[in-house]
Every structure is written in C-alpha cells, then in structure tokens.
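Here's the letter readout for the chains.
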Amino acid sequence: MKSDIKNKVSIPEGRKEIWEKVIKFLNDNHQIVIDYHIIRLKINMSQDCPKKRLRTLFIMAYDSNSSGRLDNKATAVEKFFNIIDKLDVNKDNLINWNDFLDNLGISTSEEVFARLVVKHKKSSETKKLERDYPGFAEKKAAIFLRDLFIIHNESEFNGNKVFKNFDLNKSHLKVPFDIVICDLINIILQTSNKIVNSNSIIEILPFEKKEKRPNVYLVPGLNGFNKINNFAIEVFGKDLIILEDLWFWGYFNSKTKKLSKTQSKKNIEFNSSKYNTDLYMYPGVICKTSKFDEFRELLYEKK
C-alpha cells in the first residue's frame, strides 16, 4: 500500500504523519463501514426475485443523490428495467452475469461502469451528448457497483444474491466521490484556504457566491472523478474503495451551521442527531461514538 501520492498532490511535510494515520485508521476500521452497508442492503433486498433485487439496487443508487428531475429518473429506471426484464432466472433463483453483460451490450465486467454512464448524441443534428440512463452519473454508477459487489462477497447475502458467475472484482469499482470526501481530503492535506483548524475546532468557511463550488468540489490537483479515483488507486491499490470510507466518518462527524439566508459553514464535530436517527445505525452496535471521536482526533491541529 502506497502512502504518498505521485504526480497528483504534494503532501505538506507537516501532514504526512497525519495522512499515514488516517490511512491506517481507514484500513483498520473498514469492516465497520461494510457492516453499515450490509444492514442497509439487507433491509432493502428482501424481494424473492433477483430481477426485483437488481431493480431495487439501481433505484437505491439513483436516490443516493436527491438532485435531478423525476422525469429523468423515470426514464433511466424504465430503460434499466427493459434490460433486466429480458433476463432468465435459473433454478437457483439467480441471473447469469454474462447474460446481463450481453443485454448491456458489453462482454466484460471491466466495461460495466463505462456502459452505465455512457453519453451519446441524441441525433446527428446536435452536438449535445445525453446519457443513456439520464441523471445516472458517475457517483450513482459507482454506488450501484459497490453495492452489487458487497452483496456477492458477504456471507450475509447467501441465498439473497442476484447473479450466478458474478466476476466483478475490487479493481472494477470506483470511489463515489462527493463533497463530504472532498472536505476531509482538504482538511487532511491542507489543500484549501477555507479550512480553519485549531486544537479541537475545525471549520469549513462558506464560499462566496462567486466562488460557488463546482461539481469537482475544489480539491486542488484532484479536481474530478477520474483524478480522485487515480488517487485512490495509488494509495490503496485494488482496495481503492476504502477511500470512500471517508464519507462514513465525515458524514457522522459534521454539522452545518447557517450564518445567513445565503451562507452556511460546516463544523467537523460529532453529529449526534445524524447518529441517533440514521435508519441503519443502531446506536452503539455497528459503531460506538468513541470511534468517531478517534477519527476526528486524527484531524486536529495540535497547537
């Protein structure tokens, strides 16, 4: 496992030790995050038919980001349903993975992600590219494949899987990069002038209207989905998905505070409201609050 980042981001000397500690923490506690996803998926994967389970996974991934038009979602779900409805279910109540690939118009597991997010011209008269599955962009496709991978590699889903001969492996996964991960990387590597970090206080200052965050979330040197995934590969190799665990530790360790009608700031602190109301986080079972404190302690500047 590599702990430095070549040709991407220069880690300040004073942050290298912190970065190493964060990597170790993510590796040591990865199973906690997997257990959280297992609970989430088991609650939603009780249907008796694998085609129903597959459709549910697609919709869950789509709903992971609430932004977007309902019409786009309806079109995407209908197109995906038309793909899976043609699939046969074998005597073991599973779908053949290769049949699914064939219906997607591809031949290998390595191609699945790109096929889900592909864009085409709607007609020869326009230059505009449109997704085959409208609104189903990189983050959602990454979540869909991550969940499929968990279901087929965790014993808790024996008897409730979707595919036979499923051969999607870790290297085919992508980190579903979002703003929570972005903020933590900026804090850890000190790559943003919007971070205030002193003793036990970490604040992410509001962006002015003219500085409104673009979709690439302003991580210098890592400003984009592909770059953040290359970063994850250099750090974690085939286990690149571990970088996504920053979302778990960041989500429950953040509070947004409104400053005005148009501005708010984010504080890095334990959010007991999120922890105690989360549908899949039974308090004290999957993860004790002390673990969130342990992660947050790694981030503080000691002065």
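Model, not experiment: these values are computed from the prediction.

(A) Structural view of helix α5 (residues 97-104). If you check which residues of α5 are buried, you get W97, F100, L101 and L104. Projected down its long axis, α5 shows its buried positions confined to an angular sector of 100 degrees, all on one face. Buried residues along α5 sit in contact with α3 (50-63), α4 (70-84), β1 (95-96), α6 (112-117), α7 (138-153) and β4 (163-164). Residue N96 occupies the N-cap position of α5, its side-chain oxygen lying 2.8 Å from the main-chain nitrogen of N98. With its phi angle positive at about 85 degrees, G105 sits one or two positions after the end of α5.

(B) Examining the pattern of salt bridges more closely. Enumeration over the complete set of coordinates arrives at 19 salt bridges. Ionic pairing is found between K91 and D92, a salt bridge with its closest N-O pair at 3.9 Å. Using a relative accessible area of 80% as the deciding quantity, one classes K91 as exposed. In this structure, the salt-bridge partner of E138 is R131, at a minimum N-O distance of 3.4 Å. Residue classification places R131 among the buried residues on the basis of a relative accessible area of 18%. What emerges from the salt-bridge pattern is a single network uniting R40, R146, D147 and E244.

(C) Seen up close, unusual backbone geometry. Despite not being glycine, N93 has its phi angle at roughly 60 degrees, a positive value. In this structure, N93 sits in the loop between α4 and β1. In this structure, N165 takes a positive phi of about 60 degrees despite not being glycine. Mapped onto the fold, N165 is located in the loop between β4 and α8 (179-189). Look at N165 and you get partly exposed, because its relative accessible area is 44%.

(D) Molecular detail of the confidence of the model for the protein chain. Of the residues in the protein chain, 86% reach a pLDDT of 70 or more, and the chain-wide mean stands at 86. Low pLDDT (under 50) marks residues 1-7, which in the prediction has 20 contacts with non-local residues, meaning those over four places away or in another chain.

(E) Expanded view of the packing of aromatic side chains. In the structure shown here, the tally under the stated rule is 32 aromatic pairs. Measuring from ring centre to ring centre gives 5.7 Å for F113 and F225, while their planes differ by 5 degrees; the resulting arrangement is stacked. Taken together, the positions of F113 in helix α6 and F225 in helix α9 (residues 225-236) put the pair 112 residues apart, joining distant regions of the chain. No difference in accessibility class separates F113 from F225, as the two residues are buried. Between F136 and F144, the aromatic rings sit 6.4 Å apart at their centres with planes inclined by 75 degrees, giving edge-to-face as the arrangement. Take F144: its relative accessible area is 0%, and that puts it in the buried class. Aromatic rings pair up to connect F25, Y36, W247, F248, W249, Y251, F252, F270, Y275, Y280, F292 and F295 into one cluster. The ring of Y251 carries K274 above its face, with NZ or CZ at 4.2 Å from the centroid.

The rules we used
- Residues numbered from 1 in each chain as written.
- Predicted model: local features only at pLDDT ≥ 70, side-chain atom pairs only at ≥ 80, totals over all residues.
- Heavy atoms only, no water.
- Buried < 20%, exposed > 50% of the residue type's maximum accessible area, 1.4 Å probe, protein only.
- Helix = DSSP H or I, 4+ residues; strand = E, 2+ residues; numbered from the N terminus.
- Arc of directions from axis to C-beta.
- Contact = heavy atoms within 4.5 Å.
- Polar contact = N/O pair within 3.5 Å; in protein donor to acceptor, adjacent residues only side chain to side chain.
- Salt bridge = Lys/Arg side-chain N within 4 Å of Asp/Glu carboxyl O.
- pLDDT = per-residue confidence, 0-100.
- Phe/Tyr/Trp six-rings, centres within 6.5 Å; stacked < 30°, edge-to-face > 60°.
- Lys NZ or Arg CZ within 6 Å of the ring centre and 35° of its normal.

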